[in-house]
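In case you want the letters, here they are:
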Amino acid sequence: MACNMRTDLLAGHLIGKRRTGDASVVRAVLVDRKTIVKNILGSSNLIIRTLTKPQVETVERDVSKGRFGRFGGKYVPESLMTCLGELEAEFNSALRDTEFQAELATALRDYVGRETPLYFAQRLTNYYKNSKGEGPDIYLKREDLSHGGAHKINNAIAQAMIAKRMGRKSVVAATGAGQHGVATAAACAKLALECTVFMGTKDMEKQSSNLRLMKLLGAQVKSVGGNFKDATSEALRDWMGNLESSYFLTGTVVGPHPLPSMVREFQSVIGKETRRQAMERWGHKPDVLLACVGSGSNALGLFHEFVKDKDVRLIGVEGAGFGLESGGHSATLARGDVGVYHGAMSYLLQDEEGQIVRPHSIGVGLEYPGVSPELSFLKDTGRAEFYTATDEEALDAFQLLCRLEGIIPALEASHALAFLNKLCPTLPGGTKVVVNCSGRGDKDVETLFNHKFHSM
Amino acid sequence: MAISTNHATSLPKTCLPSFTALKVPSKPKNIHLGRPGFKRSSISCNVTEQISTVCNMNGRENDFTTLQRPDSVGRFGQFGGKYVPETLLPALTELEQAFHSLADDEDFQKELGGILRDYVGRESPLYFAERLTEHYRRPNGEGPHLYLKREDLNHTGSHKINNAIGQVLLAKRLGKKRIIAETGAGQHGVATATVCARFGLQCVVYMGAQDMERQALNVFRMRLLGAEVRGVHSGTATLKDATSESIRDWVSNVESTHYILGSVAGPHPYPMMVREFHAVIGKETRRQAMEKWGGKPDVLLACVGGGSNAMGLFHEFVGDSDVRLVGVEAAGHGLDSSKHAATLTLGEVGVLHGAMSYLLQDDEGQIIEPHSISAGLDYPGVGLEHSFLKEKGRAEYHSATDEEALEAFKRVSRLEGIIPALETSHALAYLEKLCPSLPDKTKVVVSCSGRGDKDVHTAIKHLQV
């Protein structure tokens, strides 16, 4: 049964009308109270809670309701509403609980290895100097040095602690590149929680090293045909069957409220440290913040602290895959339209019939057809700028950092590094650029090796 | 822990006149070490009459706090020295002088400190392993408190980078443009390639052709980082042959080239330098222990291959006789089998890689091919300072088999969500024997010398996960 998404009900801010079709994944949802939603989570028909009033776009983010302008929200079945409400209450209480905060701070320091350095990349800086010897100063925020090798652990450990606090015994998660899966498995091992991770079969092939790590850490890994979006749908389904005893540990800043806000809050330590380190280093704020964008967790983690500082430029770089015209990319903010996916309104890659487009990027962690509602808001209000980098540009940047700085970056982070080629020539000498080096590339070395990376 | 092997100086015992075993000289009870009248000739060795007994220090702190380690000719007791061809002696002297001058050089120390902080990610945490501690708690609720010194969090994933960074900075000071190293499994090679990329130096890593095949991923990694990896086909095409080739290269290019030796072995001043660059591990531990529980650690536990991570942790505390130092070597398939790498337990004293130390040798003085499931412990020699500490009774050395290490690997992964390197797992394995004997609340610090991502294939194969 096809349903119409009455986008004109949303105060005319959304683009166009489209039909949603039958499928086994989350579909764009209706906002008309009378209409039944098809296939919100899985294949059952569920009536969802809808908006009774037209959505009024606000300039300010209404974070307490999980709205960022028109983006965000809680497009979920009734059965999940209570759960999400409970989670939000627990989250708010944990934020105010000094004991929880102290325990989290210790875990971040001794287990994760924070604070991560703000590293001056001398040779990379020199490389981008122009013929007059001028150019920006490039710093790398070294999230690659975190336990597990990526920023994902900041959120995983905090949420695992919340799960324990709520008395849950088991955790369920979905992972794309595997970094979130590894981080979740590690946090669960440390906190004696049972862990089940859902991973798409396509991703398992591409990031088999992460798969092995999860198993060694004691997690049960369940394969799902497809990739991250399919794994997410399956994980949500699994969670809904065990709402009392299980905790859905989300890895990124998408999903229904309060998930995006929670993850962003736990990742914001990246930006907070950066502010302090920048002050120590050069007595001021960074001028430009640069990060790759899959769903947006590492980007928001860096940006959030500085959103109100209008003199700090925020730049996100998505995966252009084989090229934006090719159809094989993950550039949601560049090419997507607004719709509802996985419980929140945001930009997403969908075709004319509202079917989710399968994304592609050499950076597996960027392969997500949706994006954070908060980033969608920052794009629409012009607060942040978004660009893209192709697979090839990312590989070149990967190689460059290896050779110039002896740091093997994750292919995801390499997209942000790739954008330096276009960015640096436009920046005045001495501009302070901080790039979020969101993960290390050991997981990618094996893939590249197996596919015989030819520029050796 | 890849080490340089110098065929020319690892003397088969049959080369030496009129004896078949290079025995340990009897120890004088006083602390005057060093050999007055010891000639700095190209190859020399000491002939002695009887095997000494282990000296009991009786907890006299003075012996280690005032002891010069090493002495002016690079000796730790009878161990150490410079058993190298004449051609290399000027390079070694230059290295030693440069190293000593840098100790007082504030700019150098500041640069090194900055790099350790921003590039390597120091200081590494001293992590209280709650679930591991709980695991070893006895039924009456008593047991030691276990802490992990997290060298696994360093850039490149192990302690090796501390020394690689220090040595490459030293090489730059000396005006060297070219770095060489040898590597077995590739970890030391990767650390060397990393620092060379960071500092823009040419890097050549020698690797046995057999090892290159077994460790193709690490070869790829080194090349990604811009290093040239040269295969060595002579001999058994493994580590010791790669080392000979490195030495040959160094001898011919000594003006332009610095040899980054990976562990606390080799000719003086390497053991001392490598130890000093790793000593940051112990220094941080002292301060962190004071912050965390207001005291010193009671027991320090580390795996021993060449011995660099162990020396890095131990060195700071050698003068504190109330701190117990425990090293764990690889027992491979078992001490009774011929497949192990337990040099300090089963070896004899001899000269290997330019220094006198314990080593695994047969009756004819030929080096025995060691075995351990962990490549980094797969070394027939051992750091000479460990030989010295063992002989003095200051440190104790035990061993763990491949199987015990694999069990520990799995245990720590499941209990703490930290996947330790297989090398490190040997130290963690020894907790099984150690913990039951320790009084309640004993503070144990284990050097978590590396992360185990590199060992995942091996572990999965053996553990059938």
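Computed from a predicted structure; not experimentally measured.

Counting its secondary structure elements, chain A contains 17 helices and 16 strands. A buried classification covers 66% of the 456 residues belonging to chain A. Relative to all contacts within chain A whose residues are 6 or more apart in sequence, the contacts with residues 24 or more apart total 72%. When the accessible surface of chain A is summed, it comes to about 16100 Å², and 50% of that surface belongs to carbon and sulfur atoms.

Quick look at the interface of chain A and chain B now. Opposite the 42 residues of chain A that make contact, chain B presents 43 residues. Interface area for chain A against chain B, summed over the two sides, is near 3700 Å², with a carbon-plus-sulfur share of 62%. For the pair chain A and chain B, the interface holds five salt bridges. Ionic pairing is found between Asp118 of chain B and Arg281 of chain A, a salt bridge with its closest N-O pair at 2.6 Å.

Before going further, it helps to spend a moment on the side chain of His426 of chain B. Considering the arrangement of structural elements, one finds His426 of chain B in helix α16 (residues 422-434). With sequence-adjacent residues up to four places away left out, His426 of chain B is seen in contact with Cys303, Val328, Glu329, Ala330, Ser372, Ile373, Ser374, Leu377, Ala400, Thr401 and Ala405 of chain B.

This part takes up the pairing of strand β5 (residues 178-183) of chain B. All names here are of chain B. In terms of residue burial, β5 counts as a mostly covered element, since six of its six residues are buried. Neither face of β5 is left uncovered, since the one carrying Arg178, Ile180 and Glu182 and the one carrying Ile179, Ala181 and Thr183 both have all their residues buried. The handedness of the β5 to strand β6 (residues 202-208) crossover, carried by helix α6 (residues 187-199), is right-handed. As judged from the three bridges shared by β5 and strand β8 (residues 257-259), these two strands associate in the parallel manner. Following the sheet pairing, Arg178 is matched in β8 by Thr257.

Burial within strand β14 (residues 344-348) of chain A is extensive, with five of its five residues counted as buried. Linking two consecutive strands that pair antiparallel, namely strand β13 (residues 337-341) of chain A and β14 of chain A, is a turn of two residues; a positive phi of about 50° is found at His342 of chain A within it.

The subject of this paragraph is the pattern of salt bridges. All names here are of chain A. Scanning the model with the defined rule gives 60 salt bridges over all chains in all. For Lys285, the salt bridge is made with Asp311, and the minimal N-O distance between the two is 3.1 Å. Here the residue Lys285 occupies a position in the loop between α10 (269-282) and β11 (288-292), and Asp311 occupies one in the loop between α11 (297-303) and β12 (313-321), the gap between them amounting to 26 residues. Classification of Lys285 as buried rests on a relative accessible area of 17%.

A few words on the confidence of the model for chain A. Here chain A averages 85 in pLDDT, while 85% of its residues score no lower than 70. Across residues 1-60 of chain A the pLDDT falls below 50, and counting only partners more than four positions away or on other chains, this stretch makes 132 contacts in the model.

This brings us to the packing of aromatic side chains. In this description, a pair of aromatic rings is defined by centroid distance and the angle of the planes. Residues and elements named next belong to chain A. Under the definition given, this model contains 20 aromatic pairs over all chains. A ring pair is formed by Tyr387 and Phe419, whose centres lie 4.6 Å apart and whose planes are at 15°; its orientation type is stacked. Here the residue Tyr387 occupies a position in strand β15 (residues 384-390), and Phe419 occupies one in the loop between α15 (411-418) and α16 (420-423), the gap between them amounting to 32 residues. Residue classification places Phe419 among the buried residues on the basis of a relative accessible area of 7%.

Calculation notes
- Residues numbered from 1 in each chain as written.
- Chains lettered and ligands numbered in written order.
- Predicted model: local features only at pLDDT ≥ 70, side-chain atom pairs only at ≥ 80, totals over all residues.
- Heavy atoms only, no water.
- Helix = DSSP H or I, 4+ residues; strand = E, 2+ residues; numbered from the N terminus.
- Buried < 20%, exposed > 50% of the residue type's maximum accessible area, 1.4 Å probe, protein only.
- Contact = heavy atoms within 4.5 Å.
- Areas by Shrake-Rupley, 256 points an atom, 1.4 Å probe, with all protein chains shown as cover.
- Buried area = accessible area lost by both parts, 1.4 Å probe.
- Salt bridge = Lys/Arg side-chain N within 4 Å of Asp/Glu carboxyl O.
- Right-handed = clockwise from strand over helix to strand, strands pointing away.
- Pairing = 2+ DSSP bridges.
- pLDDT = per-residue confidence, 0-100.
- Phe/Tyr/Trp six-rings, centres within 6.5 Å; stacked < 30°, edge-to-face > 60°.

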